[in-house]
Amino acid sequence: MRRGRPGAPPRGAAERTLTSVGLNGVGANGAATGDAGTEDATAQSKRPVELSRLWHITLSVSGAEAPLREVRRALEQLAHDHPFLLTSRYANDHAEIRYWEEARDLHDAAAVALRLWGEHRSTAKLPPWEIVGLEVIDRDTYHQRIAEGYGPPPASPVGVHPF
């Protein structure tokens, strides 16, 4: 089976055909397909490798007031459960969590960040607050902001601290 535009082969390429592989080396049309392992390996070696990147996440949550001692304990538990957290700042009605996430793209990093609070709510006994802000920036943008003197300073000291 040939895919692509009808007519001449793609520019810069010799005639290539793609064959669907069924069970036992038999194609969808019932014909033998040859050495499927070689074809699969060749096709996979030509695919671009999707590399993951580091994304700096700032997650802001807020809600009804909770005792400061409980908020601190919950954020410390979250940091223990999710060891990549850099720093958390908190008050009795809001908190900010900053950390690095490894993901393929911004969409994946944001999706993981948006699940973080809800997924750890019961295990860390987090307050029933809602996510009110999310910032996801790539590593280069983070370092550029720091170098230009704007944006949040590097997370130090690492840990859980009051605002």
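Our subject is the structure listed above.
Residues numbered from 1 in each chain as written. Predicted model: local features only at pLDDT ≥ 70, side-chain atom pairs only at ≥ 80, totals over all residues. Heavy atoms only, no water.

Colleague: Describe the packing of aromatic side chains, listing the residues and the values that go with them.
Modeller: Taken as a whole, this structure holds two aromatic pairs when the rule is applied. For the pair W100 and Y142, a centre-to-centre distance of 5.0 Å together with 80° between the ring planes defines the contact as edge-to-face. Of this pair, W100 sits in strand β3 (residues 94-103) while Y142 sits in helix α4 (residues 139-148), placing them 42 residues apart in sequence. (Phe/Tyr/Trp six-rings, centres within 6.5 Å; stacked < 30°, edge-to-face > 60°. Helix = DSSP H or I, 4+ residues; strand = E, 2+ residues; numbered from the N terminus.)

Colleague: I'd love a proper account of the sheet that holds β3, names of residues and values included.
Modeller: Overall, mixed pairing links the five strands, which are arranged β4-β1-β3-β2-β5 in an open sheet. Each edge of the open sheet is held by one strand with a lone partner, namely β4 (130-138) and β5 (159-162). For this sheet, the mean angle separating the axes of adjacent strands, direction not counted, is 20°. Two strands pair when backbone bridges link them, and strand β2 (residues 85-90) and β5 are joined in this way by four bridges, in the parallel orientation. Each bridged residue has a counterpart across the sheet, and for T87 the counterpart in β5 is G159. (Pairing = 2+ DSSP bridges. Axes fitted to C-alpha atoms, helices over the stretch in contact; angles between N-to-C directions.)

Colleague: Talk me through the side chain of E96; I want residue IDs and the actual numbers.
Modeller: Here E96 is to be found in strand β3. Those residues in contact with E96 that sit more than four places away from it in its chain are T58, L59, S60, T87, S88, R89 and F163. (Contact = heavy atoms within 4.5 Å.)

Colleague: Provide a residue-level description of the pattern of salt bridges, including the pertinent values.
Modeller: Applying the stated rule across the entire model yields seven salt bridges. Notably, a salt bridge pairs E76 with R72, separated by 3.0 Å at the nearest N-O pair. Highlighted residues: E76 and R72, both in helix α2 (residues 68-81), separated by four residues, approximately one helical turn. When its relative accessible area of 31% is taken as the criterion, R72 is described as partly exposed. With a closest N to O distance of 2.7 Å, R145 and E135 form a salt bridge. Remark: E135 occurs in strand β4 and R145 occurs in helix α4; sequence separation between them is 10 residues. Salt bridges linked by common partners bring R104, D105 and D108 together as one network. (Salt bridge = Lys/Arg side-chain N within 4 Å of Asp/Glu carboxyl O. Buried < 20%, exposed > 50% of the residue type's maximum accessible area, 1.4 Å probe, protein only.)

Colleague: So what's going on with the pairing of β3? Which residues, and what values?
Modeller: Among the 10 residues that make up β3, seven are buried, leaving the element largely enclosed by the rest of the structure. Relative to β3, strand β1 (residues 53-62) is paired through 10 bridges, and the arrangement is antiparallel. When the bridges of β3 are listed, S62 appears paired with H94. Pairing geometry for β2 and β3, over five bridges, is antiparallel. The partner of T87 across the bridge, within β3, is R98.

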